[in-house]
Amino acid sequence: MKIILTGSTGFLGSHILAELLHDPEVTEVLCPVRDAGRLERACSLYRLPPPTDPRIRLMPADICRPDWGLSADDQLRCLRATHCIHGAAKMHALSLQAVYPTNIGSLEFLTQLIQRPMPVVFVSSLIVFAGTSWNGDTCYETDWCDDERVAYGGYAQSKLEAEKRLQRMASQYIHIKIVRPGLLSGSRICPRFPKESLWARFTHGCFTLGCVPPDIPAVSMDMSPVDWVAKSIVCILRAPRLHSIQNFHLANEHSVSLREIVDAMQLPSSEGFAKRLSLLSGVEKLVVSQAFMGATKQSKYYPLHLFLSTDLRYNMAQSYAAGVEPVHVPSELLNRYISEHKNYAS
């Protein structure tokens with residue numbers, strides 16, 4: 001197997017690369033990268049094996065450019081690959097224009113690969129179900145098809161648009177698998193995850209405020225260890241295809257309640273919590289306010305995808321049928337995550 005892996009220098013991508021290299025049938029992993037040094041830094045940060053395996057081929061590239069900015073020789077190498085995992089993405093920007101070249105523009109060269117034909121796994125996100133016009137308790141796949149529903153934020157909108165484009169391709173090409181990871185947490189070995197992630201912004205915001213509200217909403221938070229998600233994506237890549245296009249949810253069905261998270265933080269409750277929110281800004285303020293106040297619809301965007309309820313039954317069943325194993329986050333691991341980001345906040 002010769003596999004193209006985009007996004008290999010990122011949080012999820014570096015774990016996917018490590019998982020691919022565990023497979024003796026993988027003979028080469030083609031990694032388009034802008035900064036080769038970033039991969040080494042990511043592996044060191046997340047306690048992954050150093051990227052010295054001779055099967056790794058780092059190719060200078062910029063997926064925002066035509067043909068991903070690859071040289072003619074590297075383009076040919078990609079066209080000769082047997083599989084592709086397209087995981088590169090610009091994360092969590094509020095502006096669609098800011099993420100469009102990476103998250104949507106890069107599909108142009110991906111289309112050339114699909115025409116080979118070549119089995120492709122496209123990494124989307126459960127964030128596509130989070131909309132500013134959604135007020136139901138549970139979001140179903142049929143709700144996602146409603147064109148009037150507006151996904152919240154540029155990242156979600158870009159993933160939604162990318163999925164729709166791939167859905168249209170499915171009538172011609174029969175080897176596209178879309179995976180929708182839930183909220184990524186640190187791995188089961190290393191509690192670290194990017195400071196710009198929503199989970200990190202939430203915990204950092206709480207520690208910055210130094211308190212929580214007296215009343216904790218009865219909501220839960222999906223915590224999907226990144227190493228489990230990476231292993232599941234590789235499993236799905238290898239699974240036989242059953243339909244023209246398949247959607248797979250990769251989320252921890254054993255959600256962690258907001259009460260459990262607050263207890264692990266060991267922060268005092270305060271009647272002045274809402275007033276202290278002014279100490280935060282940007283995404284951090286949005287995430288924290290939505291977590292504690294979104295359930296009562298006191299803020300504009302409800303519900304935030306951090307605590308979004310989706311219909312996992314059908315799509316998770318497909319994931320399990322493909323060989324994905326269920327995952328559980330023990331309280332000890334939750335405490336390690338909290339401790340890691342308490343240190344970051346201080």
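Residues numbered from 1 in each chain as written. Predicted model: local features only at pLDDT ≥ 70, side-chain atom pairs only at ≥ 80, totals over all residues. Heavy atoms only, no water.

**Considerations on the side chain of Ser14**
Spelled out, the test is: Runs of E in the DSSP output that reach at least two residues are strands. Runs of H or I that reach at least four are helices, and both are numbered from the N terminus. Between buried and exposed lies partly exposed: a residue is buried under 20% and exposed over 50% of the maximum accessible area for its type, with that area taken using a 1.4 Å probe on protein chains only. Under this definition, polar contacts are N or O atom pairs within 3.5 Å; protein pairs additionally need one hydrogen-donor-capable and one acceptor-capable atom, and for neighbouring residues in sequence, both atoms have to be side-chain atoms.
Examined against the element boundaries, Ser14 turns out to sit in helix H1 (residues 11–20). We classify Ser14 as buried; its relative accessible area is 1%. Engagement of the side chain of Ser14 in a polar contact is seen with the backbone oxygen of Gly10, the distance being 2.8 Å. At 3.1 Å, the side chain of Ser14 forms a polar contact with the backbone oxygen of Phe11.

**Comments concerning helix H4 (residues 96–105)**
Three- or four-residue spacings in an α-helix give side chains the same orientation, since the helix completes a turn every 3.6 residues. How we decide: By definition, the arc is the one covered by directions from the helix axis to the C-beta atoms. When checking whether two residues touch, look at their non-hydrogen atoms; a contact exists if any pair is within 4.5 Å.
Looking only at H4, the buried set comprises Val99, Thr102, Asn103 and Ile104. The arc that holds every buried residue of H4, seen down its axis, measures 160°, which confines them to one face. On the buried face of H4, the contacting elements are helix H5 (107–114) and helix H7 (154–169).

**Concerning the nonpolar core**
Under the convention used in this document: By nonpolar core is meant a set of buried Ala, Val, Leu, Ile, Met, Phe, Trp, Tyr and Cys residues that side-chain atoms within 4.5 Å join together.
Core analysis: the biggest nonpolar cluster contains 72 residues, and Ile85, Phe202, Ile233 and Phe292 have the highest contact counts within it. With eight residues, the top contributor of residues to this core is helix H9 (residues 226–238). Ignoring any residue separated from it by four or fewer positions in sequence, one finds Phe202 in contact with Met221, Leu258, Ile261, Met265, Val287, Val288, Ala291 and Phe292. Formed by 24 residues, the second largest nonpolar core is a distinct cluster that contains Met59, Ile63, Met118 and Leu166.

**Let's talk about the pairing of strand S3 (residues 56–60)**
For clarity, the threshold we go by: Note on pairing: two strands pair once DSSP finds at least 2 bridges between them. For the handedness criterion, the strands are oriented away from the viewer, and a crossover whose path from the first strand over the helix to the second runs clockwise is classed as right-handed.
Sheet topology note: the strand S2 (residues 28–33)/S3 ladder contains five bridges and is parallel. Each residue of the ladder has a partner; that of Leu30, found in S3, is Arg57. Since S2 and S3 lie parallel, the crossover through helix H2 (residues 36–45) that links them has a hand, and here it is right-handed.

**A short note on the confidence of the model for the chain**
This is how the line gets drawn: pLDDT expresses how confident the predictor is about each individual residue, on a scale running from 0 to 100.
Across the chain, the average pLDDT comes to 80, with 82% of residues at or above 70. Note on residues 295–311: pLDDT under 50 across the span, and 52 contacts to partners over four residues away in sequence or across chains.

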